[in-house]
Amino acid sequence: MKEFELINHYFKGRGITRRDVAIGIGDDCAVVEVPENCQLAVTTDTLVEGVHFFPDIPPRALGHRVLAVNLSDLAAMGAEPTWVSIGLTLPDVNMTWLEQFTEGMHEIAEYYNVQLIGGDTTQGPLTITICAKGIIPKGKALTRSGANVGDWIYLTGQVGDAALAIESRKRGIELSPEQAKRVTEKLHYPKPHVAAGQVLRGLATACIDVSDGLLADLQHILNHSTVGADIDVASVPISDDLKSIEDQALIDMLSLSYGDDYQLLFTVNDSNRSAVEARLSQYGVEAKCIGQVTSNVGNIELLKHGEKYILPEQIGYEHFN
């Protein structure tokens, strides 16, 4: 199967069709219509085999994952996902692999009402680049720069399970078959908090998704907002599977410094706390308060049961580091 046969068979005409797409796959560019009084949010992410995913990841899971991590970026801005394009580099054309990969991608795209509108295919080492777009009411975007001293810091769910799935393979951490299945599911099928991001518009003061590590992504908020933070380590939600590990230093590393969780980390002032908790609970999201914004600019102070806790040497993942 050659390039254009591949595009026509696996991408063109599959998935949903949105009314705001004037020209989709097949032309030099896609043309879309942005609603009046809305702004366009655009995010791009590249995933490379051996860096962002194991070579033996099921292709359906990979199709889900590559789109989910980009939708999480849109969620962190409070955007409604709308359109996506893909750059797919393949070593060869494996029709079985492609069928399963595109099935996983189209499945999550349909769930979030996102249309695939274009992209590119090339031959080379397996690499996938996604450019996802969304719309936000004008002036309502969530950013990293709005946190204020005294704001409360919240997290939408548990962290560390995806990291445990990765490190159990790298380090040989013993997990039961049930535990391995649960944490691998978290790694392969992350769930972007799209609805939660839209709920937080006008309520949260700053927001980011946890992709590179809880502390590393918190640091982005602190740097952009020119504030500091106190974090109660005991309040950070982790699963029973992670708690079962006897090495506390490893638990801290996986939950605080690793990433791949795609939870939303956000700040909210005191007057909006109750509204945020109530509205998120309507969508089945139980956000947990894990700390507070301080005036100690750029610094994270870790506490556990009121006592100072040691900050890990490396607080997150960074390419070329």
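One can find the structure itself at the top, above this paragraph.
Residues numbered from 1 in each chain as written. Predicted model: local features only at pLDDT ≥ 70, side-chain atom pairs only at ≥ 80, totals over all residues. Heavy atoms only, no water.

**Here's the deal with the pattern of salt bridges**
Argument step 1. Per the counting criterion, the structure on display carries nine salt bridges.
Argument step 2. Look at the salt bridges and you will find they share partners, linking Arg60, Glu103 and Glu107 into a network. (Salt bridge = Lys/Arg side-chain N within 4 Å of Asp/Glu carboxyl O.)

**Description of empty space enclosed by the protein**
Argument step 1. Taken as a whole and judged by the stated rule, the model has one cavity of 30 Å³ or more.
Argument step 2. As for the largest cavity, its lining consists of Arg14, Gly15, Ile16, Val84, Met105, His106, Ala109, Glu110, Val114, Gln115 and Leu116.
Argument step 3. Every element with two or more residues in the lining of the largest cavity is listed here: helix H3 (95–111) and strand E5 (115–123).
Argument step 4. Among the elements that take part in the lining of the largest cavity, H3 stands out by supplying four residues, more than any other.
Argument step 5. Counted by class, the lining of the largest cavity contains six nonpolar, three polar and two charged residues. (1 Å grid on protein atoms, 1.4 Å probe; cavity = no way out; pocket = protein on both sides within 12 Å on 5 of 7 lines; lining within 4 Å. Points joined across faces, edges and corners; volume = space filled by probe spheres on them. Helix = DSSP H or I, 4+ residues; strand = E, 2+ residues; numbered from the N terminus. Nonpolar A, V, L, I, M, F, W, Y, C, P; charged D, E, K, R; others polar.)

**Looking at the environment of Ile231**
Argument step 1. Relative to the assigned elements, Ile231 resides in strand E9 (residues 228–232).
Argument step 2. Take Ile231: its relative accessible area is 1%, and that puts it in the buried class.
Argument step 3. If we ignore the near neighbours within four places in the chain, the residues touching Ile231 are Ile153, Leu218, Val236, Ile290, Gly291, Ile300, Glu301, Leu302 and Leu303. (Buried < 20%, exposed > 50% of the residue type's maximum accessible area, 1.4 Å probe, protein only. Contact = heavy atoms within 4.5 Å.)

**Some points on the pairing of strand E7 (residues 152–155)**
Argument step 1. Inspection of the sheet shows E7 paired to strand E10 (residues 264–268) by four bridges, in the antiparallel sense. The partner of Ile153 across the bridge, within E10, is Thr267.
Argument step 2. Sheet topology note: the E7/strand E11 (residues 288–294) ladder contains four bridges and is antiparallel. The residue bridging Ile153 from the neighbouring strand is Gly291, located in E11. (Pairing = 2+ DSSP bridges.)

**Points about the packing of aromatic side chains**
Argument step 1. Inspection of every chain in the model, using the stated rule, returns three aromatic pairs.
Argument step 2. Ring centres of Trp97 and Phe101 lie 4.9 Å apart, and the angle between their planes is 10 degrees; this geometry places the pair in the stacked category. Of the two residues, Trp97 and Phe101 both sit in helix H3, four residues apart, roughly one turn of that helix.
Argument step 3. For Trp97, a relative accessible area of 19% puts it in the buried group.
Argument step 4. Ring centres of Tyr154 and Phe266 lie 5.5 Å apart, and the angle between their planes is 10 degrees; this geometry places the pair in the stacked category. Of this pair, Tyr154 sits in strand E7 while Phe266 sits in strand E10, and the two are 112 residues apart along the sequence. Phe266 carries the same exposure label as Tyr154, and that label is buried.
Argument step 5. The ring of Phe54 is capped by Arg169, whose NZ or CZ atom sits 3.9 Å from the centre of that ring.
Argument step 6. Residue placement shows Arg273 over the ring face of Trp152; its charged tip is 4.3 Å from the ring centre. (Phe/Tyr/Trp six-rings, centres within 6.5 Å; stacked < 30°, edge-to-face > 60°. Lys NZ or Arg CZ within 6 Å of the ring centre and 35° of its normal.)

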